[in-house]
Amino acid sequence: MRVGIVHLPKIINIKQLMEKTMQIQKILLAALVTTLTISPLSASEKKEHHSKHSSKKTMNFGPGDHYAHRMKINPANFTKVGDISRAADDIPRPLKRNEVKTVKINLQAVEVISDIAEGISYHYWTFNKTVPGPFLRVREGDTVVLNLQNAKNSTHSHGIDLHAVTGPGGGMAVTKVEPGENKTLSFKAKTAGLYVYHCASGNAATHIANGMYGLILVEPKQGLSKVDHEFYVMQGELYTKGDLGKKGFQKFDSYKMIHERPEYIVFNGRTGALVEAGQLQAKVGDKVRLFVGNAGVSKISSFHVIGEIFDTVYPEAALSNPLKNVQTTLIPAGGASMMEFQVDYPGNYVLVDHALTRIDRGAWGILNVSGKKDNSLYEGSDKHDMPKNKDHDMH
Ligand SMILES: [Cu+2]
């Protein structure tokens, strides 16, 4: 092996070397000061931000706005929405067409007041006044023309990044809209799959944490297999000033967000959204498909349906190489999954993130199955006959 000859630079004297080093230091310092003084905040956002953390105290290193976020909000200035959640069965029907089309979609960024739980209200930022936003459904090869309007009374600029888009910012680069403005994005839905969309304006994590997310399905050319029910479920996190269960209007807590400590982890926007009137319904023998997304903004979901086994899972919603017979599937933050299974026995099946402490923060829902029992599949006494054994005493 040949070893190259290393030429050492000639150091004339120590004084010259010191002067050169100081010159370089000065240039680097000037560049750093310039970087810090150019704020990425738009004019409207500057007015609204009253950060208690000055950038000197808590520097951040992302390309967007600083995460520290404190605003004076008067809930009376915003529309009150009775139920923030998007119903699990609120999904457009399968497309059943063989030709590509130009599909027009209108979305509105709207900030509203609604309840996380009874007696606990929040300033949600939404697409079309629900969390998640509308389920969008297009076909592989379609051209999508998406108009995004930002409501006049919004406190922030908003925009949209769809993971189905190939192009800068997933569309965010051309859709940043100030309050009262609207902009149009046109894109080709070239790759089939189930994708998250979300706002990425300002501090993107903040806009997601406040509720600006949803799913878009790009159906493959041949369509998806026929099922009896399709459901739309999306996990999200809420970072409130008050601890879990604290009543009253809750402000957003950016400190908890940067430390990835949500107070609430919920399905479809609020606690209890997929329970009672919002529960998923099916009959024994039905084939069910779940479109499940995870907005995060921090946590990975270990999605599971208690008492069921997924016949088919499309991991991370990639339509190639599905898995068979899966108990729990991971859904990354900013990702989705698709599961299909037949329901065979009546009763309630609980949808959870199987990091199970999260059900106490709201991450659960119910799939109610009606119909005839098959005792060969499952049988038990109706009586509560748990043995009185100390090992089973939970208290
Ligand atoms: Cu936004």
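About the thresholds
- Residues numbered from 1 in each chain as written.
- Predicted model: local features only at pLDDT ≥ 70, side-chain atom pairs only at ≥ 80, totals over all residues.
- Helix = DSSP H or I, 4+ residues; strand = E, 2+ residues; numbered from the N terminus.
- Buried ≥ 20, exposed ≤ 12 C-beta atoms within 10 Å, placed from the backbone.
- Contact = placed C-beta atoms within 7 Å.
- Pairing = 2+ DSSP bridges.
- Axes fitted to C-alpha atoms, helices over the stretch in contact; angles between N-to-C directions.
- Core = buried A, V, L, I, M, F, W, Y, C linked by C-beta atoms within 7 Å.
- Domains from an automatic or database assignment.
- pLDDT = per-residue confidence, 0-100.

What about the overall build of the chain?
Phase 1 of the analysis: When helices and strands are counted, the chain shows five helices and 21 strands.
Phase 2 of the analysis: For the chain, the proportion of its 395 residues judged to be buried stands at 40%.
Phase 3 of the analysis: Long-range contacts, defined here as pairs at least 24 residues apart, represent 73% of the contacts in the chain between residues at least 6 apart.

Considerations on the sheet that holds strand 21 (residues 364-370)
Phase 1 of the analysis: In spatial order, the strands read 13-21-20-15-18; together these five strands make up an open sheet with mixed pairing. This sheet does not close on itself; its edge strands, each paired only once, are strand 13 (280-283) and strand 18 (328-331). Between one strand and the next, the sheet's axes are offset by a mean angle of 20°, whatever the strand orientation.
Phase 2 of the analysis: Bridge analysis of strand 20 (residues 347-353) against strand 21 gives six bridges, and the strand direction is antiparallel. Counterpart to L351 in the pairing with strand 21 is G365.

Examining the sheet that holds strand 6 (residues 161-162)
Hydrogen bonds between backbone groups are what pair the strands of a sheet, and the pairing can be parallel or antiparallel.
Phase 1 of the analysis: The four strands are arranged 4-9-8-6 in an open sheet whose pairing can be described as mixed. Edge positions in the open sheet fall to strand 4 (136-139) and strand 6, since each of these has one partner strand only.
Phase 2 of the analysis: When strand 6 meets strand 8 (residues 193-198), the two strands line up antiparallel, connected through two bridges. Looking at strand 8, one finds that D161 is bridged to H198.

Thoughts on the nonpolar core
When a protein is soluble and globular, its nonpolar side chains tend to lie buried together.
Phase 1 of the analysis: The biggest cluster of nonpolar side chains holds 88 residues, and the ones touching the most others in it are Y195, L215, V233 and F291.
Phase 2 of the analysis: Split by domain, this core shows at least three residues from each of two domains, domain 1 (75-224) and domain 2 (231-370).
Phase 3 of the analysis: Residues contacting F291, with those up to four places away along its chain left out, are L194, L215, L217, E230, F231, Y232, A336 and M338.

Topic: the pairing of strand 8
Phase 1 of the analysis: Counting buried residues along strand 8, six of its six residues qualify, which places the element largely inside the surrounding structure.
Phase 2 of the analysis: Here strand 8 shows a buried face lined by G193, Y195 and Y197 and a second buried face lined by L194, V196 and H198.
Phase 3 of the analysis: Here strand 8 pairs with strand 9 (residues 213-219) via six bridges, running antiparallel. Among the inter-strand pairings, V196 is bridged to a residue of strand 9, identified as L215.

Comments concerning the environment of Y264
Phase 1 of the analysis: Assignment of secondary structure puts Y264 in strand 12 (residues 264-267).
Phase 2 of the analysis: Using a count of 23 C-beta atoms within 10 Å as the deciding quantity, one classes Y264 as buried.
Phase 3 of the analysis: Along the backbone, Y264 and G236 are 28 residues apart, and their C-alpha atoms lie at a distance of 8.3 Å.
Phase 4 of the analysis: Y264 has contacts with I116, E237, L238, T240, L244, T271, R361 and G362, leaving out every residue within four places of it along the chain.

Here's the deal with the confidence of the model for the chain
Phase 1 of the analysis: Per-residue confidence for the chain averages 88 on the pLDDT scale, and 82% of its residues sit at or above 70.
Phase 2 of the analysis: Contacts for the low-pLDDT stretch residues 27-48, under 50 throughout, to residues beyond four places or in other chains number 18 contacts.
Phase 3 of the analysis: Taken as a whole, residues 50-55 scores under 50 in pLDDT and shows 12 contacts with residues more than four places along the chain or in a different chain.

Some remarks on the environment of K80
Phase 1 of the analysis: In this structure, K80 sits in strand 1 (residues 79-80).
Phase 2 of the analysis: The exposure class assigned to K80 is exposed, which follows from the 11 C-beta atoms found within 10 Å.
Phase 3 of the analysis: In contact with K80, other than residues within four places in its own chain, are I113 and S114.

Let's talk about unusual backbone geometry
Phase 1 of the analysis: A cis amide bond, omega -5°, links V131 with the succeeding residue P132.
Phase 2 of the analysis: Looking at the element boundaries, P132 is found in the loop between strand 3 (120-127) and strand 4.
Phase 3 of the analysis: The residue N321 is not glycine, and still its phi comes out positive at about 45°.
Phase 4 of the analysis: Structurally, N321 is set in the loop between strand 16 (310-314) and strand 17 (323-326).
Phase 5 of the analysis: Using a count of 7 C-beta atoms within 10 Å as the deciding quantity, one classes N321 as exposed.

Structural notes on the environment of G307
Phase 1 of the analysis: Checked against the element boundaries, G307 lands in the loop between strand 15 (301-306) and strand 16.
Phase 2 of the analysis: Residue classification places G307 among the partly exposed positions, given that 14 C-beta atoms sit within 10 Å.
Phase 3 of the analysis: For the pair G307 and Y349, spaced 42 residues apart in sequence, the C-alpha separation works out to 6.0 Å.

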